[in-house]
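# Close look at the chain arrangement
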Amino acid sequence: MIKFFRHIRKSLLEQNKMGTYFKYAVGEILLVVIGILIALQVNNWNEKSNEQKKLQTIYGIITKDLESDIGKIKETIDFYKKREPYLKQVLDNKLTRENYTDSTYFNLITYTPQVSVSTRGFNLLTASTNDKAFKDSLQISLTEFYTLTISRFEFLQNYMVTDIEDNLSNWKNNYTWYPDYILRKNLEQFIDYTLDNPNYKNRVANYYFVHYGVSINYLEDFVSNADIVLKQLKNYHD
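Here we summarise the structure given alongside this text. (Residues numbered from 1 in each chain as written. Predicted model: local features only at pLDDT ≥ 70, side-chain atom pairs only at ≥ 80, totals over all residues. Heavy atoms only, no water.)

By size, the foremost hydrophobic cluster in this structure holds 53 residues, and its most contacted members are Ile62, Leu66, Leu142, Trp171, Tyr200, Phe222 and Leu233. Every element with two or more residues in this core is listed here: helix H2 (18-91), helix H3 (120-129), helix H4 (137-174), helix H5 (178-183), helix H6 (188-196) and helix H7 (198-237). Per-element tally for this core: the top contributor is H7, with 15 residues. (Core = buried A, V, L, I, M, F, W, Y, C linked by side-chain atoms within 4.5 Å. Buried < 20%, exposed > 50% of the residue type's maximum accessible area, 1.4 Å probe, protein only. Helix = DSSP H or I, 4+ residues; strand = E, 2+ residues; numbered from the N terminus.)

See the structure below:
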């Protein structure tokens, strides 16, 4: 093709047709420019197509993350709801020695499930879009959802763990029965403490507030908001 154009230019010059030569040269330049523009446009289309495929893959990962997290958080909510009658037994002054045939009473305020969400998909989304000023509405919704959720769950986890650590630390520093309790050897003195000492009821009340006044509300909000985000993700794929 290049040899063909050179041949035409040489022929026009030899025939001393300068006006025609210049017109032809301008036309040739325009053809080259148009070719470059078309190539750039095709390249842009390919890049956008690749970005779209990558985004769809990331949205698929986020969808799986959310479905798994919703299941785990619902299990945590169920755990709290099953534990609530045990705590109320203490708070309502109805705890008896006979209740301790159920081992749950030994761990009422020394255990809580871990509260967290998988951020694998969201981290991929952030890494792939953090250099772009524009984000679509779904990316904005996901960013707002995960920013709030991560902040809330970090606060909850620290709040709950601190409460449990305080309970164990108090028992360790103030009660001789602590070694037996922690090793599950002789629990009679611990049972006496839970039945007679107001300190225990105070700690149960605080545990109840942390988990039922704060935590369970955050977890139920997460499930509701995650369901909304899941619908947005599925609508995007449709």
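Okay, back to it.
Right, let's talk about the pattern of salt bridges for a bit. This structure, assessed with the given rule, holds 9 salt bridges. The shortest N-O distance in the salt bridge between Lys81 and Glu220 comes to 3.9 Å. Of this pair, Lys81 sits in helix H2 while Glu220 sits in helix H7, and the two are 139 residues apart along the sequence. For Lys81, a relative accessible area of 47% puts it in the partly exposed group. A relative accessible area of 33% places Glu220 in the partly exposed class. (Salt bridge = Lys/Arg side-chain N within 4 Å of Asp/Glu carboxyl O.)

Using the criterion set out here, one finds 26 aromatic pairs in the structure. Judged by centre distance (6.1 Å) and plane angle (80°), the ring pair of Trp177 and Tyr181 falls under edge-to-face. In this pair, the class of Trp177 matches that of Tyr181, namely buried. With 6.2 Å between their ring centres and 40° between their planes, Phe190 and Tyr193 make a pair best called tilted. Placement of the pair is Phe190 and Tyr193 together in helix H6, with a separation of 3 residues, close to one helical turn. Through pairs of rings, three or more aromatic residues link up here, namely Tyr86, Tyr100, Tyr105, Phe106, Trp171, Tyr175, Trp177, Tyr181, Phe190, Tyr193 and Tyr200. (Phe/Tyr/Trp six-rings, centres within 6.5 Å; stacked < 30°, edge-to-face > 60°.)

Time to look at the packing of H3 against H4. It is the contact of H3 with H4, at a shortest axis distance of 11 Å, that shows an interaxial angle of 130°. Taken together, the axes of H3 and H4 lie oblique to each other. Classified by chirality, the crossing of H4 by H3 is left-handed. Residues Phe122, Leu125 and Thr129 of H3 form the contact with H4, whose participating residues are Gln139, Leu142, Thr143, Tyr146 and Ile150. The residue inventory of the contact of H3 with H4, partitioned by class, reads 5 nonpolar, 3 polar and no charged. (Axes fitted to C-alpha atoms, helices over the stretch in contact; angles between N-to-C directions. Parallel < 35°, antiparallel > 145°, perpendicular 65-115°, else oblique. Left-handed = near helix turned anticlockwise from the far one by under 90°. Contact = heavy atoms within 4.5 Å. Nonpolar A, V, L, I, M, F, W, Y, C, P; charged D, E, K, R; others polar.)

The next point concerns the side chain of Asp163. Position of Asp163 among the secondary structure elements: in helix H4. For the buried Asp163, no salt bridge exists, and the shortest N-O distance to an oppositely charged side chain is 5.9 Å, to Arg203. Discounting chain neighbours no more than four positions away, the residues touching Asp163 are Asn206, Tyr207 and Val210. (Lys, Arg positive; Asp, Glu negative; His and termini not counted.)

Below, the discussion takes up unusual backbone geometry. In the Ramachandran plot, Asn93 falls in the positive-phi region, its phi being about 60° despite a non-glycine side chain. Tracing the chain through its elements places Asn93 in the loop between H2 and H3. Here the phi dihedral of Arg184 falls at roughly 55°; this positive angle occurs in a residue that is not glycine. Its location among the elements puts Arg184 in the loop between H5 and H6.

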